[in-house]
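Topology and contacts: notes
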Amino acid sequence: MKYKSDFSAIEFKNRLNDLIENHSDDKFLNHFGNIITKQTQVTSGKVYSNYFVIWHYDILWSGMFYSVNVGKIIDNGENCFIELYSKLNRFALILVTVISFIIGYVIFTEIIIQKDNSFKFLLWRSLIGLILFSLFQTVPIITYFDSKKNTVKMLTEKLQLKNVC
């Protein structure tokens, strides 16, 4: 997504720095500490020379599946443009991957002792496993997109960004 700011790049960076309450890098340990200490309603991130990283942790809804928004600052002299994209934070990405592999292993291997190896039993077991796997995936996906929407809304309101896509 591409946005336009009426501010110069320097003023935009200053306003973004004022918006960020907890200046930290986008690293696994920072996200892990953020979740463990439950720093709710805190905007975290860091502004670099030509890009920034920002996230907003809310324990009530997004929980540990919050989005990290990365923005590239493009300065053309008068205005600055921001290319914004989102990703899942590193802690949640590792957690989802590990749990997905465990669930997939349990579904498609013989980890559960079976008395009946008929095709019908294996088909039902696989179908139920795929449904459970899909349900597990929906929670991180829904909370990630909601967190992304709320953070982009906050950025557009407080930094007066206009969508140019």
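As the structure is a prediction and not an experimental result, all values here were calculated from the model. (Residues numbered from 1 in each chain as written. Predicted model: local features only at pLDDT ≥ 70, side-chain atom pairs only at ≥ 80, totals over all residues. Heavy atoms only, no water.)

**Thoughts on the sheet that holds strand S2 (residues 22-23)**
Strand order in the open sheet formed by 7 strands is S2-S3-S4-S5-S6-S1-S7, and the pairing between neighbours is mixed. Two strands in the sheet have a free side with no partner beyond their single neighbour: S2 and strand S7 (161-163). Alignment of strand S1 (residues 2-5) against strand S6 (residues 80-88), held across 4 bridges, turns out to be antiparallel. Within the sheet, the bridge partner assigned to Lys2 lies in S6 and is Glu83. (Pairing = 2+ DSSP bridges. Helix = DSSP H or I, 4+ residues; strand = E, 2+ residues; numbered from the N terminus.)

**Some remarks on helix H1 (residues 9-19)**
The set of residues buried in H1 consists of Ala9, Phe12, Leu16 and Leu19. Axial view of H1: buried residues confined to an arc of 80°, hence all on one face. Exposed residues lying more than 90 degrees from the buried face of H1 are Ile10 and Asp18. (Buried < 20%, exposed > 50% of the residue type's maximum accessible area, 1.4 Å probe, protein only. Arc of directions from axis to C-beta.)

**Overview of unusual backbone geometry**
Unlike most non-glycine residues, Gln160 shows phi in positive territory, near 50°. With respect to the secondary-structure elements, Gln160 resides in the loop between helix H4 (119-158) and S7. Take Gln160: its relative accessible area is 43%, and that puts it in the partly exposed class.

**Quick word on a nonpolar patch on the surface**
On the surface, a cluster of nonpolar side chains totalling about 840 Å² of accessible area is made up of Phe28, Leu29, Phe32, Ile36, Ile94, Val98, Ile102, Tyr105 and Val106. For the nonpolar patch, the secondary-structure elements that each account for two or more residues are helix H2 (28-37) and helix H3 (90-108). Tracing the sequence through the fold places Val106 in helix H3. (Patch = residues over 30% accessible without salt bridge, like charges linked within 9 Å, V, L, I, M, F, W, Y side chains within 5 Å. Areas by Shrake-Rupley, 256 points an atom, 1.4 Å probe, with all protein chains shown as cover. Salt bridge = Lys/Arg side-chain N within 4 Å of Asp/Glu carboxyl O.)

**Quick notes on the nonpolar core**
With 19 residues, the main nonpolar core has Phe12, Leu16, Phe52 and Leu155 as its most contacted residues. Listing elements by their share of this core, those giving two or more residues are H1, strand S4 (51-57), S6 and H4. At 4 residues, the largest contribution of residues to this core is made by H1. Not counting residues within four places of it along the chain, the set of residues in contact with Leu155 comprises Leu16, Leu19, Ile54, Leu84, Gln160 and Leu161. Val53, Trp55, Tyr57 and Phe91 belong to the second largest nonpolar core, which has 8 residues in total. (Core = buried A, V, L, I, M, F, W, Y, C linked by side-chain atoms within 4.5 Å. Contact = heavy atoms within 4.5 Å.)

**Comments concerning the pattern of salt bridges**
Between side chains of opposite charge, a pair can form when the charged atoms approach closely. Using the criterion set out here, one finds 6 salt bridges in the structure. Measuring nitrogen to oxygen at the nearest pair gives 2.3 Å for the salt bridge that ties Lys162 to Asp6. Of this pair, Lys162 sits in strand S7 while Asp6 sits in the loop between S1 and H1; the two residues are 156 residues apart in sequence, bridging distant segments of the chain. Of the charged contacts in the structure, one is a salt bridge between Asp146 and Lys149, with a shortest N-O distance of 3.7 Å. Here Lys149 and Asp146 lie together in helix H4, a separation of 3 residues that amounts to about one turn. For Lys149, a relative accessible area of 52% translates into the label exposed.

**Some words on the side chain of Ser24**
Inspection of the secondary structure puts Ser24 in the loop between S2 and H2. When neighbours within four sequence positions are excluded, Ser24 is seen to be in contact with Asn30, Ser44, Gly45, Lys46 and Trp55.

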